[in-house]
Amino acid sequence: MIGKPTRGEFHRRQILRGAALAAASSWTVPAASAQGSGRGAVIFLSRSSNTRMLAGDLSRRFHPDLVEIRPRDPWPEDYEEMVDWATRWRNSDQLLPLKWTLDLADRAFIFLGFPIWGGSLPAPMRSFLATANLAGKPVLPFITHGGFGAGDAMAEVRRLMPNAAFAEPLILQCDQERASLNALRGWLSDVAAAIPR
């Protein structure tokens with residue numbers, strides 16, 4: 001098993017190794033799909049590229065379609081504004097409108113990737129799962145988080161998709177963005193005297 005990074009660290013090599021191990025050993029897919037028949041899909045949500053990197057690696061290995069879940073209206077670019085946006089949608093009873101809908105009827109298996117936002121399943125992924133039909137399909141989740149674990153996300157995924165066949169999820173800590181912002185803030189406090197007011 002891959003060792004857990006300490007808080008504030010980002011181990012790209014460990015993430016790639018984790019994706020490779022998960023894809024090659026603990027997750028199995030139909031042979032035709034692994035040979036590029038297009039019968040599978042990697043469906044993912046990513047804002048800071050951590051989950052996107054893993055999705056790309058799975059796509060190269062198994063040759064399924066690569067589909068990124070996006071909201072209909074773009075989310076904020078600024079990190080702090082994005083946190084507020086994600087919190088508002090997490091607390092909302094409404095489904096977030098998505099950019100497109102997907103027909104997954106002909107898919108033999110699904111890799112499902114998403115980050116954890118505020119200890120929960122992100123609103124765009126919740127909207128996708130609430131409207132998609134994955135009944136009877138093997139679903140292989142891969143989850144990234146910023147240091148506080150996967151929270152209740154998998155319980156919500158299973159509640160939204162009760163008839164899917166879930167594999168054990170791959171859960172990885174990827175907190176580069178938060179660590180970078182904390183380092184920047186620490187540096188700014190150190191050099192505050194040099195910044196003209």
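In this text, all values refer to a predicted model and were calculated from it rather than measured experimentally.

**Student:** Help me out: how do you make sense of the overall build of the chain in this one?
**Tutor:** The secondary structure content of the chain amounts to seven helices and six strands. Here the chain, with 197 residues, has 44% of them falling under the buried criterion. Summed over its atoms, the accessible surface of the chain is roughly 10,600 Å², and 51% of this surface lies on carbon and sulfur atoms.

**Student:** Would you mind showing me how to read the pairing of strand β2 (residues 65-68) here?
**Tutor:** Look at any regular strand and the pattern is simple: side chains alternate between the two faces of the sheet. Both strand β1 (residues 40-44) and β2 contribute to a ladder of four bridges, which runs parallel. When the sheet's bridge partners are listed, alanine 41 is paired in β2 with aspartate 65. Note that the unit made of β1, helix α3 (residues 50-62) and β2 has a crossover that is right-handed.

**Student:** Any chance you could explain the pattern of salt bridges here in plain terms?
**Tutor:** Side chains that differ in sign of charge can pair as their charged atoms come close. Here the structure, examined in full by the defined rule, presents nine salt bridges. Ionic pairing is found between aspartate 57 and arginine 61, a salt bridge with its closest N-O pair at 2.7 Å. A residue pair is termed a helical-turn pair when its members lie 3 or 4 positions apart in one helix, as aspartate 57 and arginine 61 do in helix α3 at four residues. Since its relative accessible area comes to 38%, arginine 61 is described here as partly exposed.

**Student:** Honestly, helix α5 (residues 123-131) in this entry has me stumped. Any pointers?
**Tutor:** Think of an α-helix as 3.6 residues a turn; residues three or four steps apart then line up on the same face. Within α5, seven of the nine residues are buried, leaving the element largely enclosed by the surrounding structure. Residues of α5 that are buried in the fold lie against β1, α4 (79-90), β3 (109-115) and α6 (153-160).

Parameters and conventions
- For every chain, the first residue of the written sequence is number 1, and numbering continues from 1 along that sequence.
- In keeping with the predicted nature of the model, local features appear solely for residues at pLDDT of at least 70, side-chain atom pairs appear and are counted solely at 80 or more, and the whole-chain, interface and lining totals rest on all residues.
- Heavy atoms from the whole structure form the basis of all side-chain values; hydrogens and water molecules are not counted.
- Per the convention used, a helix needs a DSSP run of H or I reaching at least four residues, while a strand needs a run of E reaching at least two, with both numbered from the N terminus.
- For the exposure calls, accessible area comes from a 1.4 Å probe over protein chains only, and a residue counts as buried if that area is under 20% of its type's maximum, exposed if over 50%, partly exposed in between.
- Per-residue and other accessible areas were derived by the Shrake-Rupley procedure at a 1.4 Å probe size, with only the shown protein chains allowed to occlude residues.
- Being paired, for any two strands, means DSSP has found at least two bridges between them.
- Think of it like this: strands point away, you trace from the first strand over the helix to the second, and a clockwise trace means the crossover is right-handed.
- We define a salt bridge as a side-chain nitrogen of Lys or Arg found within 4 Å of a carboxyl oxygen belonging to Asp or Glu.
- Contacts are assigned to residue pairs with any non-hydrogen atoms lying within 4.5 Å of each other.

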